[in-house]
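# Structural overview for review
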Amino acid sequence: MRTFSRIARPLRQPRAAAVLVPRRSLATFPTSASRFLDVHPEVQSALAEGRPVVALESTLITHGLPPPHSYDLPVACEDILRAQGVTPATIALIDGKIKVGLTTDELAMLSDKGFAARSDGGKNLWKVGRRELGAALVNKVVGGTTVSGTMAVANMVGIKIFSTGGIGGVHRGAETSFDISSDLIALSDTPVTVVCAGSKSILDIGLTLEYLEAHAVPVAGYGTNDWPAFYTPASGFKAPMRLNGARSVAETIRTTDLLGLKSSLLLGVPIPEEYHAAGDALQQAVEQAVAESVENGVSKTGKAVTPWLLERVGQLTKGNAIVSNMALIKNNVKVGGEVALEYAKLLKEEKKTATCGILLDPKGELVGGVADMDITSNMTGGQVIEKIQQHQPAVVAFDGNLSSDAMGQILAHCETQNIKTFFEPTSNAKALSLLKGIEKHLPTPSPDPLVTFSTPNIHELSTFYSHTSSSETPLYEHGFWFDSINISGDLLASRLPPWVTAEGVAQMAANLLPVIRTIFVKSGSRGVLVVQRVSGEEQVAAWNTPAVRGKKGTVVAASTHLKDEAVVLRYYPALKLEESEVGSVTGAGDNLAGAILAALVRGVDPAFPEGLDIIVDLAQRAAVATLKSTEAVGDHAELRPLLPASKN
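Residues numbered from 1 in each chain as written. Predicted model: local features only at pLDDT ≥ 70, side-chain atom pairs only at ≥ 80, totals over all residues. Heavy atoms only, no water.

Counted by the stated rule, this structure contains 4 aromatic pairs. Ring plane angle 55° and centroid distance 6.3 Å describe the contact between Phe423 and Phe464, whose orientation is recorded as tilted. One end of the pair, Phe423, is in strand S15 (residues 420–424); the other, Phe464, is in helix H20 (residues 458–470), with 41 residues separating them in the sequence. Across the pair, exposure class does not vary: Phe423 and Phe464 are buried alike. Summarising the aromatic geometry, the rings of Trp499 and Tyr571 are spaced 6.1 Å apart at their centres and angled 80° between planes, so their arrangement reads as edge-to-face. Of the two residues, Trp499 sits in helix H23 (residues 498–502) while Tyr571 sits in strand S20 (residues 565–572), which places them 72 residues apart along the sequence. Overall, Tyr571 belongs to the buried group, its relative accessible area being 16%. Among the aromatic residues, ring-to-ring pairing joins Phe398, Phe423 and Phe464 into one connected group. One Lys or Arg, Arg526, reaches over the ring of Trp499 and ends 4.1 Å from the middle of that ring. (Phe/Tyr/Trp six-rings, centres within 6.5 Å; stacked < 30°, edge-to-face > 60°. Helix = DSSP H or I, 4+ residues; strand = E, 2+ residues; numbered from the N terminus. Buried < 20%, exposed > 50% of the residue type's maximum accessible area, 1.4 Å probe, protein only. Lys NZ or Arg CZ within 6 Å of the ring centre and 35° of its normal.)

Taken as a class, soluble globular proteins show a tendency for nonpolar side chains to be buried jointly. In terms of nonpolar packing, the biggest core is built from 48 residues, with Phe398, Leu434, Ile438 and Leu569 touching the most fellow members. In this structure, Leu434 is in contact with Phe398, Met407, Leu411, Phe423, Val451 and Phe464, ignoring residues within four places of it in sequence. Counting 44 residues, the second largest nonpolar core, distinct from the first, contains Phe230, Ala321, Met326 and Val333. (Core = buried A, V, L, I, M, F, W, Y, C linked by side-chain atoms within 4.5 Å. Contact = heavy atoms within 4.5 Å.)

As a further point, take the pattern of salt bridges. Inspection of every chain in the model, using the stated rule, returns 24 salt bridges. With a shortest N-O distance of 3.6 Å, Glu342 and Arg247 are connected by a salt bridge. In this pair, Glu342 sits in helix H15 (residues 320–349) while Arg247 sits in helix H12 (residues 246–258), placing the two residues 95 residues apart along the sequence. As a salt-bridge pair, Arg533 and Glu565 come within 3.2 Å of each other at their nearest N and O atoms. Of this pair, Arg533 sits in strand S18 (residues 528–535) while Glu565 sits in strand S20, placing them 32 residues apart in sequence. The buried category is assigned to Arg533, whose relative accessible area is 7%. (Salt bridge = Lys/Arg side-chain N within 4 Å of Asp/Glu carboxyl O.)

Attention now moves to the pairing of S18. Of all 8 residues that make up S18, 7 are buried, and the element is covered over most of its length. As defined by bridge partners, strand S17 (residues 516–522) adjoins S18 across 5 bridges and the pair is classed as antiparallel. Across the sheet, the residue bridging to Lys522 is Val528, located in S18. Pairing of S18 with S20 involves 8 bridges; the strand directions are antiparallel. Within S20, the residue paired with Val528 across the bridge is Tyr572. (Pairing = 2+ DSSP bridges.)

A word on the packing of helix H17 (residues 381–391) against helix H18 (residues 404–417). The N-to-C vectors of H17 and H18 enclose an angle of 30°; their axes lie 8 Å apart at closest approach. Viewed along their axes, H17 and H18 adopt a mutual orientation that is roughly parallel. In this structure, the crossing between H17 and H18 has a hand that is right-handed. Contacts between H17 and H18 involve Gly381, Gly382, Val384, Ile385, Ile388 and Gln389 on the former and, on the latter, Ala406, Gln409, Ile410, His413 and Cys414. (Axes fitted to C-alpha atoms, helices over the stretch in contact; angles between N-to-C directions. Parallel < 35°, antiparallel > 145°, perpendicular 65-115°, else oblique. Left-handed = near helix turned anticlockwise from the far one by under 90°.)

Take the confidence of the model for the chain next. When pLDDT is averaged along the chain, the result is 85, and 87% of the positions lie at 70 or above. Throughout residues 1–31 the model reports pLDDT below 50, and contacts reaching past four residues in sequence, or to other chains, amount to 91 contacts. (pLDDT = per-residue confidence, 0-100.)

Take Glu565: its relative accessible area is 8%, and that puts it in the buried class. A polar contact of 3.2 Å, which involves the side chain of Glu565, links it to the side chain of Arg533. (Polar contact = N/O pair within 3.5 Å; in protein donor to acceptor, adjacent residues only side chain to side chain.)

Here the focus is the environment of Phe237. The residue Phe237 is located in the loop between strand S9 (219–222) and strand S10 (241–243) in this model. What makes Phe237 partly exposed here is its relative accessible area of 36%. For the pair Phe237 and Asn225, spaced 12 residues apart in sequence, the C-alpha to C-alpha distance is 9.0 Å. Look past the residues within four positions of Phe237 in its chain and what remains in contact with it is Ile205, Gly206, Leu209, Asp226 and Trp227.

Attention now moves to the pairing of S9. Here S9 shows two buried faces, one formed by Val219 and Gly221 and the other by Ala220 and Tyr222. Two elements, S9 and strand S11 (residues 266–268), share 3 bridges in a ladder whose sense is parallel. Note on S11: the bridge partner recorded for Gly221 is Gly268. Bridge analysis of S9 against S10 gives 3 bridges, and the strand direction is parallel. For Gly221, the partnering residue across the bridge sits in S10 and is Arg242.

Moving on, we get to the sheet that holds S15. Spatially, 7 strands are ordered S14-S15-S16-S17-S18-S20-S19 in an open sheet, and the strand pairing comes out mixed. Only two strands of the sheet have a single partner each, and these edge strands are strand S14 (395–399) and strand S19 (554–558). Taking the axes of each pair of neighbouring strands and ignoring which way they run, one obtains an average angle of 15° across the sheet. Alignment of strand S16 (residues 451–454) against S17, held across 3 bridges, turns out to be parallel. What sits directly across from Val451, in S17, is Ile516. Contacts from helix H28 (residues 609–628) reach S17, S18 and S20 within the one sheet, and its direction differs from that of S20 by about 35°.

The structure is reproduced here in C-alpha cells:
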C-alpha cells in the first residue's frame, strides 16, 4: 500500500494577500502597506511574467450606472480585455482590503451595494479617492475607487495602464468654489497612463486643460487633434499633443519612465463614430442638467454632483446617454488593452540585464516581487550544454528563469553524462517550468530522480505537488518504490515540528522524491526541512544507526524490500538572530542556496548524516551572515575554512 499517497493532500494555497511591486516603485512603496492589499493570483501572475494588465475603476459600478448595467458593463469590459490577451484588474475596497482584480461574485456584490445605496443614501458605501484610502481601510467599508484612488493603487502594484470613462477636472464656477477634482493632482504625480474619453462634459474643459498644463501633465488626443468631451469627439479645445496608434502611446509611456518623470499620460479617445450624431443632443441635455444643479443647489454638494448629473442627463435623454456612456467606456477599455499589449512588447524587445525587485514585510519575510529575467529566459539549452561540455562541472545549477525547453535539454544531457543537477525554483509560476521541461524531453520514468537537488520554499513546493498529484503523466507514478516504504503519520508528528505535518510539507516533499532526490525546503524563520531519497547500502546503514535515527527532528524510513533505499527527513531549526542584528533582508535565500552548492562541489555528500549536517549548517550561517549585512551578499570569510578543499 502506498502510504504517502493516502496522506491527505494539503489545501491549495489561498488567494494571496501579497503585492507585486515593480523595480521603480520599490524604493518609495511602504512595505507595511502590503497587509492591506489583496492582489488576485491572475493579476499577480501576469505582472510577474511581464504580461499586459489594465486597471479598471469601480465607482462606475457603485456610484455610476444603474443596474443591470452596473454589473453587465464591468463584466463586458473584463471580457474585452481577456479577448485581447490582457489581464483585467478591477480595483475596489472590500472589508478592509484593497482588492486588485475581482471575482464575478465581488463585481455582483458591488453592483448590489450600489443599487441599495440609492435608497439608503450610500451610508454603507464609500466613494474612495486617493485621500479616502486610509480612512476607508480603517473603517473596513466597501468602496468604489475613483480615478485618483484607482491610479494610486495601480501604481502601488505596478500596473501602468488604466482605462476609464472620463476624468474629473475643474468644475464650472471653480473660480469661486475652488471645486477641482483630485483626479488632476493624481495625474500630475502618479505615473499611470489614463485612457479616457476626454473630460466629462459637465466640467469647465478649458480650465481643466489649463490646470493640466500648469502641472506638466502630458495630454494627448488619440488619433485626433481635438480634445474629446465625453459624449462628443470634439470639445472645442485642441489636444496639446496627438499620438497615432498604440505603439506610439507605449513608446511615450516608456520614454517618460526612462526620463524619471512621475506624471501620468492622459490619453483622450474620441467616442466611436457611430455615436457622434447623438452627441449634440446629449450635450444639450448636459447643459440643461448643469443649469438645474446650480438652481437647486446640487452643484455645491461635492461628490454627489456627478452621480446626480449623470442620472439627470439619463432622464432628459430617456436613456440614450447610458448607451453612449457604455459605448465609450468599452472603446476606452479596448484602446487601453491595445496600449498595454504594445507596452509589454516594448519591454520584451529591450535588451536588459536580469533584474529583480522584491517586497518584504517588516519582519523580513518575502511578500512578493517582480523580476525581469528575459536575458536568461532567452538562453537556449544548446548554449548551456556547450558550456557544460567545456567546463565539465560536478554540479550544474540553474533556476526557474530558464525556459522549460532549456531545462529539459539540460537535464537530459546531465542524465547521460551522470552530472548532478541543482534547481532553484525562483517563484511559483516559474517552478512549473521544470516539470514541463521534464515532461517534454524526458517523458519516460527514470529509476533515478532526474533532478539531484532543489531548494523550494513551501509555496513553490505546493506548486510542484499540485501539478504532479493531478497529472496523469507516467513520470509521477511512484510504482514499486513507494509500495515498499512506509512512514506512519504518528512518527512524523512525534519527530517533526507540528507545522511540517499540519501544512502537508513532509507529505508533499516525499511525493516528489521520484523526480527530485534531495529537497531543501526553505521555511524562513522556521528553519529548513530536508527530505531526501538515500540510495546505497553504506549510506542507508549510516542513517539506520540508533544515534542517528533517535535524534530529534529525524525520521528514517528504510525500504522493506531493498536494502539500499530509504527516505530520510531531517529538520533544522533556524539559527537565532535578534531583530536588532538585521542589516538587510535581501539575498538571504540566495546565499543559503549558494552555500549548499559550495559544499556540494567540494564533495560534501548529503546522503550521509554528517554531510547533510555540514551542508545545512553552512547554508544557515551564510543566510544569517547576509541578514546581518547591509549588502545582498554577506561576509562569509569565517565560513570558508569550514569547507573541504576544492578538488580543482
